[in-house]
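# Fold and geometry: a report
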Amino acid sequence: MTPAPPGAAEPLRVVIADDHAVVRAGLRALLEGEPDIEVIAEAGSGEEAVGLVARLLPDVALMDLRFGGAGSTGGIDGIEAIRRLAAEAPGVAVVMLTSSAGRADVVRALEAGARGYVLKAGPPEELFRAVRGAAAGALGLAPEIVGELVGQVVSPEQELSGREIEVVRLMAEGLSNRAIAAALFLSEATIKTHLVRVYRKLKVDNRAAAVSEAVRRGVLELT
């Protein structure tokens, strides 16, 4: 980790979970080049990841989607690891890091409780943004993932207005209420009102659940 300047906030504590040592080493090198991020542990399996994260309680856990041997030898994959962590370490934000951008995998990860989804082949800036966003309570999705999910129109029975769909789309990109307001040339209070309506219509109570439910209902679809 690059030393933080005097007076800076404590760095974000991160655990990396991937079954390839070379991938873990590369991720560690990238993350520790940032002054506000510290890698505190690595795991090579889903079970090991759950144990480490539940014990160390980092700010963020970077979780591989598929671990070698998961399922065939009784091991667990990244989705199951996220589900277990939601019960054992609910305060830890989990970011899914994988090679797969398939819509089904993204939906499963978000439904399990992931706070971000980024691709291993993506630029480092996307990884950094997802880690920082997840730690701050935002939802961090790589642009390719948003492109997979963002839909065209919502059917009448799903009730969301065009403006509400736009708010959900920007929320899926990880924008804050203030940033959404700026993008849509609206006041932050108006965005909060839209979010209240979105949550009510989708029967959810947080941003990640809203995006996941919107995808499930087809509000956000494959382009």
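Residues numbered from 1 in each chain as written. Predicted model: local features only at pLDDT ≥ 70, side-chain atom pairs only at ≥ 80, totals over all residues. Heavy atoms only, no water.

## Points about the overall build of the protein
Definition in use: Segments assigned H or I by DSSP are reported as helices when at least four residues long, segments assigned E as strands when at least two residues long, and all are numbered from the N terminus. Accessible area is worked out with a 1.4 Å probe on protein chains only. A residue is then buried under 20% of its type maximum, exposed over 50%, and partly exposed in between. Residues count as neighbours in contact if any of their non-hydrogen atoms are within 4.5 Å of one another. Accessible surface area values rest on a Shrake-Rupley calculation with a 1.4 Å probe, where residue burial reflects the displayed protein chains alone.
Helix and strand counts for the protein come out as ten helices and six strands. Residue burial in the protein is summarised as follows: out of 223 residues, 48% are buried. In the protein, once contacts between residues fewer than 6 apart in sequence are set aside, the share between residues at least 24 apart is 64%. When the accessible surface of the protein is split by element, carbon and sulfur atoms take 54% of a total near 10100 Å².

## Things to note about the pattern of salt bridges
Threshold: Each salt bridge in this description consists of a side-chain nitrogen of Lys or Arg and a carboxyl oxygen of Asp or Glu lying within 4 Å of one another.
Scanning the entire structure with this criterion turns up 17 salt bridges. Between Asp 18 and Lys 120 there is a salt bridge, with the nearest N and O atoms lying 2.8 Å from each other. Remark: Lys 120 occurs in the loop between strand S5 (116–119) and helix H5 (124–135) and Asp 18 occurs in the loop between strand S1 (12–17) and helix H1 (21–31); sequence separation between them is 102 residues. Between Glu 80 and Arg 84 there is a salt bridge, with the nearest N and O atoms lying 3.1 Å from each other. Linking Glu 80 with Arg 84, this pair stays in helix H3 (residues 78–88), spanning four residues, or about one helical turn. When its relative accessible area of 34% is taken as the criterion, Arg 84 is described as partly exposed. Shared partners join several salt bridges into a network, and the residues in it are Arg 24, Arg 28, Glu 32 and Glu 42.

## Comments concerning the nonpolar core
Note the following rule: Joining through side-chain atoms within 4.5 Å is the link that ties buried Ala, Val, Leu, Ile, Met, Phe, Trp, Tyr and Cys residues into a set, and such a set is a nonpolar core.
Counting 75 residues, the largest nonpolar core has Leu 31, Leu 62, Met 63, Tyr 117 and Val 131 as its most contacted members. Considering each element in turn, this core owes the most residues, six residues, to helix H7 (residues 162–172). If we ignore the near neighbours within four places in the chain, the residues touching Tyr 117 are Leu 65, Val 95, Met 96, Thr 98, Ser 100, Asp 105, Val 106, Ala 109, Gly 140, Leu 141, Ala 142 and Ile 145.

## A look at the environment of Ile 82
Note on placement: Ile 82 falls in helix H3. Sequence separation between Ile 82 and Met 96 is 14 residues; the distance between their C-alpha atoms is 8.9 Å.

## Observations concerning the environment of Val 211
Tracing the sequence through the fold places Val 211 in helix H10 (residues 207–217). Note: C-alpha distance between Val 211 and Ala 172 (39 residues apart in sequence) is 6.1 Å. Residues in contact with Val 211, not counting those within four places in the same chain, are Leu 110, Leu 139, Val 168, Met 171, Ala 172 and Leu 220.

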